[in-house]
Amino acid sequence: MVDVAPLNRNAKKTITRVVIRDITTEHLVEQVRKDFVANASHELRTPLSIINGYLENLVEGDIDNQAMLKRALTVMQKHGERIARIVEDMLVISRLESGEAAALNVSPFLFTECVEEVLDRLEPLIQQQKTKIRFKIEDESLALIGDRFYWTQVFFNLVENALKQNPRRPLTLEIGARFNGEDEVTLWVADNGVGIPGVDLPFIFRRFYRVEKHHSQDSIKGTGLGLSIVKRAVEAHGGTIDVTSVPGQRTAFSIHLPKEALATEEQLLLAAAGDGDGQALVADRENEEGEHA
Ligand code: ADP
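Below, the structure is looked at part by part. (Residues numbered from 1 in each chain as written. Predicted model: local features only at pLDDT ≥ 70, side-chain atom pairs only at ≥ 80, totals over all residues. Heavy atoms only, no water.)

**Some remarks on the sheet that holds strand 6 (residues 172–180)**
Spatially, 4-6-7-9-8 is the arrangement adopted by the five strands of the open sheet, whose pairing is mixed. In this open sheet, the two strands that pair with only one neighbour each are strand 4 (132–137) and strand 8 (240–246). Shown here is a sheet whose adjacent strand axes are inclined to one another by a mean of 15°, direction ignored. Sheet topology note: the strand 8/strand 9 (residues 250–257) ladder contains seven bridges and is antiparallel. Looking at the pairing, threonine 240 lines up with histidine 256 of strand 9. Strand contacts of helix 5 (residues 148–164): strand 6, strand 7 (184–191) and strand 9, with the helix running at about 170° to strand 9, the strand carrying the most contacts. (Pairing = 2+ DSSP bridges. Helix = DSSP H or I, 4+ residues; strand = E, 2+ residues; numbered from the N terminus. Axes fitted to C-alpha atoms, helices over the stretch in contact; angles between N-to-C directions. Contact = heavy atoms within 4.5 Å.)

**A word on the site of the ligand**
Residues in contact with the ligand amount to 18 residues; listed here are only the nearest, Asn161, Asp191, Thr223, Gly224 and Leu227. A distance of 3.3 Å separates an oxygen atom of the ligand from a polar backbone atom of valine 211. Considered on its own, the ligand offers 530 Å² of accessible surface; in the complex 97% of this is hidden by protein. Elements supplying a minimum of two residues to the shell around the ligand: helix 5 and helix 6 (226–236). (Near = heavy atom within 4 Å. Polar contact = N/O pair within 3.5 Å; in protein donor to acceptor, adjacent residues only side chain to side chain. Areas by Shrake-Rupley, 256 points an atom, 1.4 Å probe, with all protein chains shown as cover.)

**Section: the pairing of strand 6**
Bridge analysis of strand 4 against strand 6 gives six bridges, and the strand direction is parallel. Counted as the bridge partner of arginine 134 is glutamate 174 from strand 6. Sheet topology note: the strand 6/strand 7 ladder contains eight bridges and is antiparallel. Paired with phenylalanine 179 across the bridge in strand 7 is valine 185.

**Some points on the pairing of strand 9**
For strand 9, the tally of buried residues reaches six of eight residues, placing the bulk of the element in the interior. Two strands pair when backbone bridges link them, and strand 7 and strand 9 are joined in this way by seven bridges, in the antiparallel orientation. Counted as the bridge partner of valine 189 is phenylalanine 253 from strand 9. Counting the residues that bridge the hairpin from strand 8 to strand 9 gives three residues, and of these glycine 248 lies at a positive phi of roughly 85°. (Buried < 20%, exposed > 50% of the residue type's maximum accessible area, 1.4 Å probe, protein only.)

**Description of the packing of aromatic side chains**
Under the definition given, this model contains six aromatic pairs. Seen in terms of ring centroids, phenylalanine 149 and tyrosine 150 are 5.1 Å apart; in terms of plane orientation they differ by 70°. Their pairing is edge-to-face. On the basis of relative accessibility, which here comes to 2%, the residue tyrosine 150 falls in the buried class. Aromatic side chains tryptophan 151 and phenylalanine 155 sit 5.9 Å apart centroid to centroid with 25° between the ring planes, which places their arrangement in the stacked category. Note that tryptophan 151 and phenylalanine 155 are positioned in helix 5 at a spacing of four residues, about one turn of the helix. (Phe/Tyr/Trp six-rings, centres within 6.5 Å; stacked < 30°, edge-to-face > 60°.)

**Quick look at helix 6**
The element helix 6 is extensively covered by neighbouring structure, given that eight of its eleven residues are classed as buried. Inspection of helix 6 places Gly226, Leu227, Ser228, Ile229, Val230, Arg232, Ala233 and Val234 among the buried residues, and these make up the whole buried set. The inward-facing, buried residues of helix 6 contact helix 2 (66–97), helix 5, strand 8 and strand 9. Once helix 6 ends, the next one or two residues include glycine 238, with phi positive near 80°.

So, in structure tokens, the structure goes:
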């Protein structure tokens with residue numbers, strides 16, 4: 001942005017002030033904001049117009065027809081739930097993007113417990129699709145220190161994605177954890193399903209980005225926000241995430257965490273004893289290292 005202004009209009013010799021500012025970052029941020037608003041409106045418009053269409057029919061039509069009424073209400077309910085899910089996902093993203101450390105409710109917990117919780121919640125789908133689950137967890141006592149709510153969302157989204165992208169395939173899901181040297185851990189969720197084409201891989205973590213809609217089940221069609229949430233939640237805990245995919249063979253989402261995201265045995269014990277000192281220890285460590293766990 002170039003700003004030019006004369007400083008001494010009346011004098012014989014004009015002095016001009018020229019200010020040149022690099023506003024690339026502001027411009028990009030504004031672009032991202034505009035895209036987000038446009039995408040969000042587009043995603044919300046479809047279910048809303050379906051609901052409005054049915055309402056219009058009901059207002060003008062025959063509401064004594066019980067069968068039709070039931071059908072209309074069922075469709076409206078489904079689309080109402082979809083709107084609620086999109087709004088909920090957008091709020092989670094916005095909380096994570098606010099960058100407030102306070103947004104994280106940090107406590108120590110076992111990685112395997114978090115995974116079990118996710119698998120329990122998805123049990124009906126796992127049963128229905130006869131999915132095989134394989135664990136490759138190097139150390140069962142691996143404990144994380146972070147916001148369990150977000151970590152559950154991370155693994156829920158990754159496991160649910162693998163399941164819902166492969167409704168009619170015999171699927172094997174792998175959940176793993178391994179230490180790389182002393183201080184870094186890699187957690188992963190992998191499957192041998194349809195996978196993600198190479199051209200889509202660079203965009204997969206973008207908001208509202210979806211690969212072909214055809215192989216996903218209509219009833220639980222996603223919002224396209226799941227992986228955005230996963231990425232932001234991992235980053236809020238100081239980690240990174242990447243994905244590799246060979247369609248039909250192996251699609252793997254790998255999360256790399258620094259040692260600050262891992263809990264010690266002592267923290268875990270204190271938290272289990274429920275005396276709240278787990279939190280105090282976290283605060284101590286943050287102070288010592290000047291970083292957020
Ligand atoms: P959605 O709500 O559509 O699941 P996500 O952000 O979670 O949105 O995922 C974006 C897209 O990435 C999905 O629509 C799907 O096409 C693709 N995807 C994610 N995980 C997998 C997987 N394990 N196998 C195949 N495709 C996947």
